[in-house]
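Here's the letter readout for the chains.
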Amino acid sequence: MSEKLKVGILGGTGMVGQRFITLLDNHPWFEVTTIAASKRSAGKTYEEAVGDKWKMDVPMPEAVKKIVVQDLMDVEKISSEVDFVFSAVNMDKAEIIKFEEEYAKAETPVVSNNSAHRWTPDVPMIIPEINPQHTDVIEFQKKRLGTKRGFIAVKPNCSIQSYTPALNAWAEFEPYEVVVTTYQAISGAGKTFKDWPEMVENIIPYIGGEEEKSEREPLRVWGKIEDGVIKPADHIKITSQCIRVPVLNGHTAAAFVKFKKNPTKEQLIEALESYKGAPQELNLPSAPKQFIRYMTEDDRPQVQLDVDYENGMGISIGRIREDSIYDWKFVGLSHNTVRGAAGGAVLCAELLKAQGYITKK
């Protein structure tokens, strides 16, 4: 019998679900044994359920093609078959809150890509290199839910991944005011150019809910656990604009930062390149060897050249330069469906396993 943990993918037929499938193929710790989706897909093999809607740039793994898709609302049955689940469903937020808690109460840990529980006070929202200590709040959550091993953990929005790591690496210089504009890929909406032809040669200067997430979620990532809940940080103010651009994968950010201390450019670059977190220290399977790199070329990072840095799990920063109004400005790039979505959740699950929160049933 395999020693790997048995994993279920909830919402496995959508774009993020497909990304989970590809990232978990031949994973050293996890094995996809169960795939669940809506009633419409239930009863079909995964290959049949996806049909011509496979959106990844690699073939569907052979290991999942013949798995029969289950109804994701069949909580008890699915929970009996897996050690934990990834959640990547596309549903109403209130419905997601309810059914993710049902899985947790069925003693099945949930690592969610959804936004529904990001502001539930005792649910950790984790970028593993930045706030691995937030998993401590899980014990308080389990008391609330009445569980022994079931809980929910989430990853933050994809829009914050291209600039928040840099700001965290610069914590010693005390950034306190940030203006950021994100230029976001269409896969962040679960689309390809085939699905969304009107995005070709187009820009849409609005993405519903993204600006609020971009401004608020970093504060929760930087928060502290107090009285069994995570209290958001208040030492930094962020304002943002989020723009949809004709790019398939890769979110770019242009950011302007004020610091209480006065770092040099050399100090900023050194802080980025030397930054390590728990995933690097623990040598987690999906962890980038170097989390953040600095690119010296004037025209980098570029989506086409740099989005797959460290298998899509690394962050590329470039164009650090002094600003006439703010102190410093820079450009960041992250892969929105790898680091920003499924890959970030897989790394989160690896951290939770290493910390002893996810175990075999």
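In what follows, the accompanying structure is described. (Residues numbered from 1 in each chain as written. Predicted model: local features only at pLDDT ≥ 70, side-chain atom pairs only at ≥ 80, totals over all residues. Heavy atoms only, no water.)

Take unusual backbone geometry next. The amide bond that connects arginine 300 to the next residue, proline 301, takes the cis arrangement and shows omega of 5°. Mapped onto the elements of the fold, proline 301 is located in the loop between strand 12 (292-295) and helix 11 (303-306). Positive phi outside glycine occurs at glutamate 201, with the angle close to 55°. Position of glutamate 201 among the secondary structure elements: in the loop between strand 7 (175-184) and helix 8 (210-221). Phi is positive for aspartate 227, which is not a glycine, with a value near 55°. Its place among the elements puts aspartate 227 in the loop between strand 8 (224-226) and strand 9 (229-231). (Helix = DSSP H or I, 4+ residues; strand = E, 2+ residues; numbered from the N terminus.)

Before going further, it helps to examine helix 12 (residues 338-354). Compared with an ideal rise of 1.5 Å per residue, which puts 17 residues at 24 Å, helix 12 spans 21 Å between its outermost C-alpha atoms and falls more than 12% short. At glycine 344, helix 12 shows its maximal bend, which comes to roughly 50°. Most of helix 12 sits out of view: 15 of its 17 residues are buried. Just downstream of helix 12 lies glycine 356, where phi reads positive at about 90°. (Expected span 1.5 Å × (residues − 1). Bend = angle between axes of the 7 residues up to and from the residue. Buried < 20%, exposed > 50% of the residue type's maximum accessible area, 1.4 Å probe, protein only.)

Looking now at the sheet that holds strand 12. Here we have six strands laid out as an open sheet, ordered 10-7-11-14-13-12, and mixed in their pairing. Both outer strands of the open sheet, strand 10 (237-244) and strand 12, are each paired with one neighbouring strand and no more. Averaged over all pairs of adjacent strands, the angle between strand axes in this sheet comes to 20°, irrespective of strand direction. Relative to strand 14 (residues 328-334), strand 11 (residues 251-259) runs antiparallel, the two sharing seven bridges. Within strand 14, the position partnered with alanine 254 by the bridge is valine 331. Against the sheet, helix 8 engages strand 7 and strand 10, with an angle of about 145° to strand 10. Across the sheet, helix 9 (residues 265-273) touches strand 11, strand 12, strand 13 (315-322) and strand 14, and the angle it forms with strand 12 is around 140°. (Pairing = 2+ DSSP bridges. Axes fitted to C-alpha atoms, helices over the stretch in contact; angles between N-to-C directions. Contact = heavy atoms within 4.5 Å.)

Once that is clear, we can look at the packing of aromatic side chains. The final tally for this structure, using the stated rule, is 10 aromatic pairs. Between the aromatic rings of tyrosine 275 and phenylalanine 291, the centroid separation amounts to 6.1 Å while the plane-to-plane angle is 45°, which identifies the pairing as tilted. Here the residue tyrosine 275 occupies a position in the loop between helix 9 and helix 10 (278-282), and phenylalanine 291 occupies one in the loop between helix 10 and strand 12, the gap between them amounting to 16 residues. Residue classification places tyrosine 275 among the buried positions, given a relative accessible area of 16%. The ring of tryptophan 119 is capped by arginine 216, whose NZ or CZ atom sits 4.1 Å from the centre of that ring. (Phe/Tyr/Trp six-rings, centres within 6.5 Å; stacked < 30°, edge-to-face > 60°. Lys NZ or Arg CZ within 6 Å of the ring centre and 35° of its normal.)

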